[in-house]
Amino acid sequence: SPIPDYLAEALRSVEADQSGATADYIPELADADPDLLAAGLCTVDGHVYSAGDAGVEFSIQSISKPFVCALALADRGFDAVLEKVGVEPSGDAFNEISLEPGSGRPLNPMINAGAITTHTLAGPEEATPEARVERIIDGLSAFAGRRLQVDESVYHSELSHAYRNRALANMLRAHDIIGEDPLVAVAGYTRQCSLLVNVDDLAVMAATLANRGINPVTGAPVVSAKVVRQTLSVMATCGMYDGAGDWMTRVGVPAKSGVAGGLIGALPGQAGIATFSPRLDRHGNSVRGVELFERFTADMGMHLMEVP
Ligand code: GLN
């Protein structure tokens, strides 16, 4: 296949760009090797290709959000989830206190306020917080096709700095959007964000969305096609935070970024793509990841709004 060579060539074309900076709010992210660079692609018929530092693991961070949103939709149904979290782009940064005036409902599940809420909606209603975290790890592992592990040092570091997320969770509790101890919700959400992945895992996870919810490598059904449609729509409109409109016009695929430098895009019916490069732009999106995706769109004509 020409794909690995193509990916390697794409990586070389962005290699020199050292702009942006690693996330600085915890030492584990601040001290990441900023030069790491990788890309992976998984087709809906289950072929996985990658190039660069593809074996390197990093924390999934916000890329967990669409998958946990999908699990919540699958486990509780659309009405129960939509009652608590909206689907409107916030146009704000990922950690902004974007709650609907009055109801206190977070605007969407891709910002932290919404993601903390969907975290509490995964699994059966009566599940303990521990069982819910297990459900999420099992579910994200099913998307990836292998057992994912928590990076305990990222988890503890992140939790000890989670003042802003605690503030968000307290607001959510005050509005009865979440029905439990806000600190417990933040701890679970932080564990979810601390799961370790590499670009192959992320490409398979994205490809599972591109493949109507069936993992193309393992063949396992993970969520329904209806849940996938909802999830990809929210990724398309809200996945890149306050950079979402720019992303949709320039790249044109549903996507999600994470603060460790990961980025995924799902091309419905075709492939899942993932990149990793830790330096971030002002929106918190990977600089070289965005450049790579712009290239992929130009080369492969993957913009969804382009008439073939
Ligand atoms: N764990 C991070 C947080 O909640 C995730 C943010 C991100 O990846 N954008 O702040």
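Position numbers for residues count from 1 along each chain, tracking the sequence in the order it is written. Note on the predicted model: pLDDT of at least 70 is required for a residue's local features to be given, and 80 or more for side-chain atom pairs to be given and counted; whole-chain, interface and lining totals, by contrast, use all residues.

### Examining the UniProt feature "binding site: substrate" (unreviewed entry) in the protein chain
And step 1. UniProt positions are given in the numbering used here, feature names are shortened, and annotations may be inferred rather than shown by experiment. When the UniProt feature table is mapped onto this chain, "binding site: substrate" (unreviewed entry) is found at Ser62, Asn112, Glu158, Asn165, Tyr189, Tyr241 and Val259.
And step 2. Numbering of helices and strands runs from the N terminus, with a helix taken as a DSSP run of H or I at least four residues long and a strand as a DSSP run of E at least two residues long. Relative to the elements of secondary structure, Tyr189 occurs in helix α9 (residues 182-193).
And step 3. Backbone-placed C-beta atoms define the burial measure: a residue is buried with 20 or more other C-beta atoms within 10 Å of its own, exposed with 12 or fewer, and partly exposed in between. The buried category is assigned to Tyr189, around which 28 C-beta atoms lie within 10 Å.
And step 4. Examined against the element boundaries, Tyr241 turns out to sit in the loop between α11 (225-238) and α12 (244-250).
And step 5. Taking the number of C-beta atoms within 10 Å as the measure of exposure, Tyr241 has 24 and is therefore buried.
And step 6. Residues are scored as being in contact if the C-beta atoms we place from backbone atoms lie within 7 Å. In this view, Tyr241 contacts Ala93, Phe94, Ile111, His283 and Gly284; residues no more than four positions away in its chain are not counted.

### Some details on the pairing of strand β1 (residues 38-43)
And step 1. Burial within β1 is extensive, with six of its six residues counted as buried.
And step 2. Residues of β1 alternate between two faces, with Ala38, Gly40 and Cys42 on one and Ala39, Leu41 and Thr43 on the opposite face, all of them buried.
And step 3. Here β1 pairs with strand β2 (residues 48-52) via five bridges, running antiparallel. Bridging across to β2, Gly40 finds its partner in Ser50.
And step 4. Any two strands are treated as partners once DSSP identifies two or more bridges connecting them. Where β1 folds back on β2, the antiparallel hairpin that results is connected by four residues, among which Gly46 adopts a positive phi of roughly 90°.
And step 5. Relative to strand β7 (residues 271-276), β1 is paired through six bridges, and the arrangement is antiparallel. In the strand pairing of β7, Leu41 is matched with Ile273.

### Examining unusual backbone geometry
And step 1. Backbone geometry at Gln61 places phi at a positive 50°, although glycine is not the residue there.
And step 2. By the secondary structure assignment, Gln61 is in the loop between β3 (58-59) and α3 (64-76).
And step 3. Residue Gln61 is classed as buried on the basis of its C-beta count, with 25 C-beta atoms lying within 10 Å.

### Things to note about the packing of α3 against α11
The relative placement of two packed helices is expressed as an angle between their axes plus a distance between the axes.
And step 1. Look at α3 against α11: their axes get within 9 Å of each other, and the N-to-C directions meet at 145°. Judged by the sense of rotation from one axis to the other, the crossing of α3 with α11 is right-handed. Residues Pro66, Cys69, Ala70, Leu73 and Ala74 of α3 form the contact with α11, whose own contacting residues are Val227, Val228, Gln230, Thr231, Val234 and Met235. Note on method: axes are straight lines fitted to C-alpha atoms, helices fitted across the in-contact stretch only, with angles between N-to-C directions ranging 0 to 180 degrees. Crossing handedness is defined as follows: a turn of the near helix away from the far one that is anticlockwise and smaller than a right angle gives a left-handed crossing, while the clockwise case is right-handed.

### Points about the site of the ligand
And step 1. Throughout this description, a residue near a molecule or strand is one whose C-beta atom, derived from the backbone, lies within 6 Å of it. In the vicinity of the ligand, the residues found are Gln61, Ser62, Phe94, Asn95, Asn112, Glu158, Asn165, Cys193, Gly258, Val259 and Gly284.
And step 2. Following the grouping adopted for this structure description, the nonpolar residues are Ala, Val, Leu, Ile, Met, Phe, Trp, Tyr, Cys and Pro, the charged ones are Asp, Glu, Lys and Arg, and the polar ones are all others, Gly among them. The residue inventory of the shell around the ligand, partitioned by class, reads three nonpolar, seven polar and one charged.
And step 3. Domain borders in the structure are assigned automatically or taken from a domain database. Taken together, domain 1 (3-61 + 196-300) and domain 2 (62-193) each give at least three residues to the shell around the ligand, which thus spans both.

### Quick word on the nonpolar core
And step 1. Counting residues in each nonpolar core, the largest one holds 98 residues, and the members touching the most others are Ala203, Ala206 and Ile264.
And step 2. Sort the elements by how many residues they give to this core and helix α10 (residues 199-210) lands first, with nine residues.
And step 3. Domain assignment of the residues forming this core places at least three in each of domain 1 (3-61 + 196-300) and domain 2 (62-193).
And step 4. Ignoring sequence-local partners within four residues, the contact set of Ala203 consists of Gly40, Leu41, Cys42, Val48, Gly272, Ile273 and Ala274. To define a nonpolar core, we join buried Ala, Val, Leu, Ile, Met, Phe, Trp, Tyr and Cys residues through C-beta atoms within 7 Å and take the resulting set.

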